[in-house]
Amino acid sequence: MGFKDALFQGLAPDGGLYMPETIPHLGTDFFQSELSYPELAVGMIHPFTKDDLTHAQLSDICESAFDFPLSIKELNESDSVLELFHGPTLAFKDFAARFMARTMSHFLENKNNEITILVATSGDTGSAVANGFFNIEGINVIILYPSNRVSALQEKQLTTLGENIIALEIDGSFDDCQRMVKAAFQDDDLQNRYSLSSANSINVARLLPQSVYYAWAWKQNHETGPIIFSVPSGNFGNITGGLLANRMGIPMEKIIASTNSNDVFPNYLKTGNVEKRDAIHTISNAMDVGVPSNLDRIQNLFHQDVNQVKTEISSWSFSDKETKDCIRHIQNEFDYLIDPHTAVGVLGLNEYREKTNSNSKGVVLSTAHPGKFSDVIEPIIGKKITLPESLQIAMKKDKNSIKMSKQFSDLKEYLIAA
Ligand SMILES: *Cc1c(COP(=O)(O)O)cnc(C)c1O
């Protein structure tokens with residue numbers, strides 16, 4: 001199975017997740033050389049895609065996908081925040097979604113067949129995917145999102161594009177949406193009628209671009225040796241990208257999986273058991289995931305041995321109250337506004353420093369622009385925040401969604417009729 005087939009299939013026929021067979025070690029020379037962000041991306045992704053894309057083709061895709069800036073905000077000598085939210089939908093998912101849309105569209109060129117992308121979202125995936133695939137010929141996108149559990153802004157971003165983007169508003173949780181998408185992929189009837197594909201973090205094409213910014217962050221800091229990354233985690237796709245970057249040669253002291261009250265992963269590190277739970281609703285809603293899909297991939301990387309996992313990953317869970325206090329604290333102390341997801345990441349780094357007394361450089365991945373969560377943040381800091389222009393425009397448009405129950409049969413009926 002090559003990259004191209006895994007890209008279009010999403011899920012393996014046995015329901016499992018695709019994972020690269022081998023992860024090349026690129027060596028410090030490569031990482032220390034002077035490279036633009038797209039060049040860095042090509043260097044890291046090419047080994048995985050070389051059977052299907054030439055270097056020049058991959059280069060075109062990366063130049064066009066990663067045409068927005070990244071930045072690092074230093075809070076103090078040791079701690080900084082890696083701002084991954086300067087793409088069109090103001091969340092880190094733009095990196096993966098734009099890459100995926102451009103690779104798929106590359107492979108579909110000169111072909112007449114249409115494909116349908118099914119994607120479940122807890123908020124930001126949907127808008128990033130919708131935006132990435134908007135108006136790309138031959139691709140229809142159907143987004144499933146949990147009714148009343150995404151912010152007003154996120155909902156507008158999902159439901160106002162139109163054209164080849166359809167939003168299904170599901171009367172259920174994110175886990176229900178995800179279950180429905182998985183069921184569709186395992187349904188022979190649907191598979192025979194449609195070319196279905198997935199854009200969730202279960203798709204291996206989402207993982208590859210999510211390893212690149214870890215390397216970029218390390219390059220900004222590299223004279224200091226291994227660094228600590230703290231990753232606000234829900235479905236654990238982002239952190240899996242970090243683990244890949246580590247295997248490719250980026251020195252890391254520790255990678256911290258910071259979660260909200262959805263604490264299946266921190267409990268797994270404690271007990272060695274994965275206890276399935278339903279998602280709990282929190283203010284960092286893009287991480288409201290019961291059982292993270294990418295847990296399988298993480299277990300695979302560590303040969304199903306939780307003790308090995310613990311050598312590289314630490315994990316803690318934080319409440320909404322801690323998250324709010326953290327937003328307020330960072331605002332007061334550094335005059336810097338972070339969104340609730342990033343705050344969970346900051347809490348994880350603080351916890352790690354308390355437990356270990358480490359002074360190594362620490363980088364918190366900032367996964368969303370605070371403006372996307374103004375409804376949550378404004379009461380916390382007690383003042384209005386100005387929305388970025390792209391959000392102001394989306395807010396003025398009319399929502400356009402199709403309401404649906406959480407029964408898979410309803411989704412199937414809809415797809416067959418469509
Ligand atoms: C999706 C998302 C996350 C969680 O990322 P995973 O890859 O699912 O762990 C964190 N923050 C924001 C803002 C997100 O949109």
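Up top is the structure these notes are about.
Note that this is a predicted model, so its numbers are computed, not measured. (Residues numbered from 1 in each chain as written. Predicted model: local features only at pLDDT ≥ 70, side-chain atom pairs only at ≥ 80, totals over all residues. Heavy atoms only, no water.)

Asks: Help me understand the sheet that holds strand S2 (residues 79-83) in this model?
Replies: Paired through backbone hydrogen bonds, the strands of a sheet run either parallel or antiparallel to each other. The 6 strands lie next to each other as S1-S2-S10-S7-S8-S9, forming an open sheet whose pairing is mixed. Because the sheet does not close on itself, it has two edges, and the strands there are strand S1 (71-74) and strand S9 (313-317). With strand direction ignored, the average angle separating the axes of adjacent strands in the sheet is 25°. As paired strands, strand S7 (residues 227-232) and strand S10 (residues 362-366) are joined by 3 bridges and run parallel to one another. (Pairing = 2+ DSSP bridges. Helix = DSSP H or I, 4+ residues; strand = E, 2+ residues; numbered from the N terminus. Axes fitted to C-alpha atoms, helices over the stretch in contact; angles between N-to-C directions.)

Asks: Looking at this model, I keep getting lost on empty space enclosed by the protein. Mind explaining?
Replies: The gaps of empty space that remain are located by a probe, the size of a water molecule, rolled over the atoms. Across all of its chains, the model carries 5 cavities of 30 Å³ or more by this definition. Taken as a whole, the largest cavity spans an internal volume of roughly 240 Å³. Lining the largest cavity we find 24 residues, and of these Phe92, Lys93, Gly234, Asn235 and Ala286 sit closest to its centre. Of all the elements in the fold, those that place two or more residues in the lining of the largest cavity are helix H6 (124-133) and helix H12 (237-248). Looking at the lining of the largest cavity residue by residue, the class counts come to 8 nonpolar, 13 polar and 3 charged. Taken as a whole, the second largest cavity spans an internal volume of roughly 80 Å³. Lining of the second largest cavity is provided by Ser122, Pro146, Arg149, Ser173, Phe174, Ala279, Ile280, His281, Asn285 and Asp288. For the lining of the second largest cavity, the residue count by class is 4 nonpolar, 4 polar and 2 charged. (1 Å grid on protein atoms, 1.4 Å probe; cavity = no way out; pocket = protein on both sides within 12 Å on 5 of 7 lines; lining within 4 Å. Points joined across faces, edges and corners; volume = space filled by probe spheres on them. Nonpolar A, V, L, I, M, F, W, Y, C, P; charged D, E, K, R; others polar.)

Asks: What am I meant to see in the site of the ligand here?
Replies: In the neighbourhood of the ligand, 15 residues make up the surrounding shell, with Lys93, Asp124, Gly234, Asn235 and Thr367 lying closest. With respect to the ligand, the backbone of Asn238 contributes an N or O atom lying 2.8 Å from an oxygen atom. Contact with the protein chains hides 98% of the accessible area of the ligand, taken as 380 Å² for the molecule alone. Structurally, the ligand is housed in the largest cavity. Its residues placed into classes, the shell around the ligand shows 6 nonpolar, 7 polar and 2 charged. (Near = heavy atom within 4 Å. Polar contact = N/O pair within 3.5 Å; in protein donor to acceptor, adjacent residues only side chain to side chain. Areas by Shrake-Rupley, 256 points an atom, 1.4 Å probe, with all protein chains shown as cover. Sits in = over half its atoms within 2 Å of the grid points.)

Asks: How do you make sense of the side chain of Ser147 when you look at a structure like this?
Replies: Within the element layout of this structure, Ser147 appears in the loop between strand S4 (139-146) and helix H7 (152-159). For Ser147, a relative accessible area of 17% translates into the label buried. In this structure the side chain of Ser147 is engaged in a polar contact, spanning 2.9 Å, whose partner is the side chain of Glu169. Not counting chain neighbours up to four residues away, the residues in contact with Ser147 comprise Glu169, Ile170, Asp171 and Gly172. (Buried < 20%, exposed > 50% of the residue type's maximum accessible area, 1.4 Å probe, protein only. Contact = heavy atoms within 4.5 Å.)

Asks: Mind showing me how you'd approach unusual backbone geometry here?
Replies: Most peptide bonds are trans, and most residues other than glycine sit at a negative phi. Although it is not a glycine, Glu163 sits at a positive phi angle of roughly 55°. By the element assignment, Glu163 lies in the loop between H7 and strand S5 (165-170). With relative accessibility at 64%, the residue Glu163 sits in the exposed group. Of note in this structure, Asn357 is not a glycine but carries a positive phi near 60°. Along the chain, Asn357 falls in the loop between helix H17 (340-356) and S10. The exposure class assigned to Asn357 is exposed, which follows from its relative accessible area of 62%.

Asks: So what exactly am I meant to see when it comes to the pairing of strand S3 (residues 115-120) here?
Replies: Each regular strand carries side chains that alternate between the two faces of the sheet. Within S3, 6 of the 6 residues are buried, leaving the element largely enclosed by the surrounding structure. Both faces of S3 are covered, namely the face carrying Ile115, Ile117 and Val119 and the face carrying Thr116, Leu118 and Ala120. The parallel pair S3 and S4 is bridged by H6, and the resulting crossover is right-handed. Both S3 and strand S6 (residues 196-198) contribute to a ladder of 3 bridges, which runs parallel. When the bridges of S6 are listed, Ile117 appears paired with Ser197. (Right-handed = clockwise from strand over helix to strand, strands pointing away.)

Asks: Whenever I open this one, the nonpolar core confuses me. Can you help?
Replies: Nonpolar side chains in soluble globular proteins generally cluster together in the buried interior. The biggest cluster of nonpolar side chains holds 88 residues, and the ones touching the most others in it are Tyr213, Phe265 and Ile313. When residues in this core are grouped by element, the largest group, 8 residues, is from helix H5 (residues 93-108). One finds Met287, Ile338, Ile381 and Ile385 within the second-largest nonpolar core, a separate group that totals 29 residues. (Core = buried A, V, L, I, M, F, W, Y, C linked by side-chain atoms within 4.5 Å.)

Asks: Hey, could you run me through the sheet that holds S3 in this one?
Replies: Spatially, S6-S3-S4-S5-S11 is the arrangement adopted by the 5 strands of the open sheet, whose pairing is parallel. In this open sheet, the two edge strands, each paired with only one partner strand, are S6 and strand S11 (402-404). Taking each pair of neighbouring strands and ignoring which way they run, the sheet shows an average axis angle of 30°. Seen against the sheet, helix H20 (residues 408-417) touches S3, S4, S5 and S11 and runs at an angle of roughly 140° to S11.

Asks: What am I meant to see in the side chain of Thr159 here?
Replies: Looking at the element boundaries, Thr159 is found in helix H7. The residues touching Thr159, leaving out its near neighbours within four places in the chain, are Tyr145, Ala167, Asp398, Lys399, Asn400 and Ser401.

Asks: Explain H17 to me, please; I cannot follow it from the model alone.
Replies: A rise of 1.5 Å per residue sets the reference length of H17, with its 17 residues, at 24 Å; its end C-alpha atoms lie 25 Å apart and thus fit the reference within 8%. Counting buried positions over the 17 residues of H17 gives 12, a clear majority of the element. Looking at H17, one finds that the buried residues are Pro340, His341, Thr342, Ala343, Val344, Gly345, Val346, Leu347, Gly348, Leu349, Tyr352 and Arg353. Phi turns positive, to about 60°, at Asn357, one or two residues after H17. (Expected span 1.5 Å × (residues − 1).)

Asks: Honestly, H5 in this entry has me stumped. Any pointers?
Replies: Its 16 residues give H5 an end-to-end C-alpha distance of 22 Å, which sits within 8% of 22 Å, the value for a rise of 1.5 Å per residue. Counting buried positions along H5 gives 13 out of 16 residues, so the element sits mostly inside the fold.

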